Each structure stands twice: as structure tokens, then as C-alpha cells.
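# Analysis of the macromolecular model
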Amino acid sequence: MNAIRHDFRSDTVTKPGAGMRAAMAEAEVGDDVFGDDPSVNRLEQRMAAMLDKQAALFVPSGTMSNLLALMSHCGRGDEFIAGQKAHLYVNEAGGAAVLGSIQPQPIAHQPDGTMALGDIEDAIKPDDNHYARTRVIALENTFGGRVLPMGYMQAVAGIAQRHGLGLHLDGARAFNASVALGMDIADFVTPFDTVSICLSKGLGAPVGSVLVGRADLIEKARRNRKMLGGGLRQSGILAAAGLYALEHHVARLADDHRRARQLAEGLARHAALKVDMPDTNILWVNADADIAERFDTYLADNGIAVIGRYGQQRWVTHLDVDDEDVAGALDVVNRFFL
Ligand SMILES: *Cc1c(COP(=O)(O)O)cnc(C)c1O
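Presented here is a report on the structure given in the accompanying data block.

Conventions adopted
- Residues numbered from 1 in each chain as written.
- Predicted model: local features only at pLDDT ≥ 70, side-chain atom pairs only at ≥ 80, totals over all residues.
- Heavy atoms only, no water.
- Helix = DSSP H or I, 4+ residues; strand = E, 2+ residues; numbered from the N terminus.
- Contact = heavy atoms within 4.5 Å.
- 1 Å grid on protein atoms, 1.4 Å probe; cavity = no way out; pocket = protein on both sides within 12 Å on 5 of 7 lines; lining within 4 Å.
- Points joined across faces, edges and corners; volume = space filled by probe spheres on them.
- Near = heavy atom within 4 Å.
- Polar contact = N/O pair within 3.5 Å; in protein donor to acceptor, adjacent residues only side chain to side chain.
- Areas by Shrake-Rupley, 256 points an atom, 1.4 Å probe, with all protein chains shown as cover.
- Sits in = over half its atoms within 2 Å of the grid points.
- Nonpolar A, V, L, I, M, F, W, Y, C, P; charged D, E, K, R; others polar.

What follows deals with the environment of Ala82. One can find Ala82 in strand E3 (residues 78-83). Spatially, the C-alpha atom of Ala82 lies 9.7 Å from that of His168, the residues being 86 residues apart in sequence. Not counting chain neighbours up to four residues away, the residues in contact with Ala82 comprise Leu88, Gln105, Pro106, Ile107, Met115 and Ala138.

Attention now goes to the layout of surface pockets. Taking a probe equal in size to a water molecule and rolling it over the atoms shows the remaining empty space. Quantified by volume, the largest pocket comes out at close to 920 Å³. Forming the boundary of the largest pocket are 36 residues, of which Glu140, Phe143, Gly144, Gly145 and Trp284 lie nearest the centre. Of all the secondary structure elements, the ones that give two or more residues to the lining of the largest pocket are helix H3 (62-73), helix H4 (87-90), strand E6 (166-171), strand E10 (282-287) and strand E12 (307-309). By residue number, the principal contributor to the lining of the largest pocket is H3, which donates three residues.

Let us now look at the site of the ligand. If you check the shell around the ligand, you find Ser61, Gly62, Thr63, Asn66, His87, Glu92, Glu140, Asp170, Ala172, Arg173, Cys198 and Lys201 and nothing else. One nitrogen or oxygen atom from the side chain of Asp170 is found 2.6 Å from a nitrogen atom belonging to the ligand. For the ligand, the protein covers 82% of the area, taking 380 Å² as the surface of the free molecule. For the ligand, the cavity whose grid points lie within 2 Å of the majority of its atoms is the largest pocket. The biggest single contributor to the shell around the ligand is H3, with three residues. Of the residues belonging to the shell around the ligand, the class tally is two nonpolar, five polar and five charged.

Any link to function would need more than the numbers given here.
Here it is in C-alpha cells:
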């Protein structure tokens, strides 16, 4: 593998630029475990205000944020409902089960990425001592880069309400969804009791996520954050990067979405590549079986980094991908097919 020239692996690979680094260097700090860090407090207040929720909590990662949300909604032996491919079910090392004693109830996805409403209803357990108590439904949006419709989220919120369940959004990329929909983020997250937002994905901060939601749930999460070892001290240096990102890196997500579409259109010119037109910044590509492995190797040898194997690839655009990267990558791909 040659040096990476065009890095499409993930929007987590971005490095803080000069403006963000200056904001970090100048950040006012204090001891956040004592509640004394003005930059962390500002970030939490700003996030709560932007999402129109009561409270927010700055945490080291999206994984911790999702776990804390589940631990706020559930006690030992309780259960959460989530998609079979949900990040908080598949990609978080089983933390809810291991650390929260919370059992997952996974639900199959429909081809459009949603869970069937009937499947969700059927999975909610009646109050009977044979069963774990169902406490919360967790949605993810964007889901694999796809924007799931507002109507779906509202319908699931209706189910949660009818059954007295909490509703959590893994909104690692919720800002991508709201920008793609041209919607205020507060309107996008209205149905949810808790929302987890990643600062270190498309927003381009080096570290951190924020859990936002109802004050009583966030208060529980604050105690559990300490228990999990996520209570940080002069973390205002990191919160300052988050504040900078909220100021400068939200509207520009539209550029990432435009570039993902340009990549998709360029790749789709080749009949051997099956390309899903992206809603946001994540693009799925399937290379025909007869070229799959050769195409994977060719991209790596030519400095194009994507995630995937056997020709099933995920390309992600982000703050550190510009128009030249898109043009350069398409050039390399075009040469493969000459
Ligand atoms: C990245 C991601 C997370 C977890 O964030 P980390 O900061 O990597 O722990 C959670 N959910 C989704 C959908 C993500 O993409």
C-alpha cells in the first residue's frame, strides 16, 4: 500500500485546522468534574439550545454517549430496541450488556434502512416476570449515510409514547441529516428524549460527543460518566474545538454532500461499479465480482483509501476532502477502466 493521497475512509480522519487550533489554544479552562470549566459549560449550553433540549453533557466519544443514554433510560435487566445494524448494537463492543447489564432486542431492517413499525410493536414485551422490561427504542439517523424520513421518526415516537418507552437518537451525523433536509436541527430531533451528537465526525473536531436531552436523564448520565471514567478535567481545550465546529463547520456539510454526489456520478459512469446515490457524505460502491479484488488493490496502490473489501466499498467525504481530491480520485478510477 502506498501513502494515502486521497483519504475517503471516514469523516473521523479530519485534523483540526489553524482556526480550530487557535480556539483550542485560547480556551478558558477549569476543572470540569467540579463544573468549573467555562468552555465545557458553554458547549453544553450551546448544544442544548441548538437542539432545544433541557440539558447536555460533553463526553469523550459517541460510544460513551450512546452507552450513557441507554444507562439513563434502562436499569439492570431492562431492554432496548434497536436495528440489527445499529452502531450502538453492532459496533460498540457490547457495552450496554457488559457495563449496563442492559439487553438488546435487535430488529431487522427494511431495504430502506428503517425498522418495520409492526416489528417494533411486536418486540415490546408485556409486563410479565418472564420478560426483560422494554424501556427505550433507539434510532440512528443518518443511518449508513442515509437520511431516514421525519415521518418514520414521528411514527416510532408515537409507538414509544403509547407504550411509555423512552426514545433515543444515535445522531452521530444528525447535523448531516438536518443540513441535507434543509431543516433546523431542533426540529429534526424534536421527537427524542435523548440525542447523541458526534463532534469528531463531519463537524471536524478532534475529540468528543455531546449527549443532549431531558434534564433528569442527563443528570443520571453525568453520574455514570464519572463511573465509566469519562469525567475529564481541563477539557475546555477540547470543548473549544467543538464550539468552533458548531460555529464554522455545520453549514459547510452541504459541500461534503455535493462532493459525495460528484464522486457517485463519476464512479457510476463505469458499468462495473454499482453506486448508491448518496443522501449525505457516505457513498456505497459495489464493484462487479470479476474486478472486485483487483479494483480494491488498484485503489490502495494509487493512494486512494476507502473502507471495504471484495469490491464492497464505503467512500466518505469530509472537511479534509476538497474538489481536487474528488477530481484526482475520479482520474485514478477512470484510468483503471481504460
Ligand atoms: C462513530 C459513530 C458512533 C460512535 O462514535 P465514537 O466517537 O467513534 O465512539 C456512534 N454511532 C454512529 C452512527 C457512528 O457513526
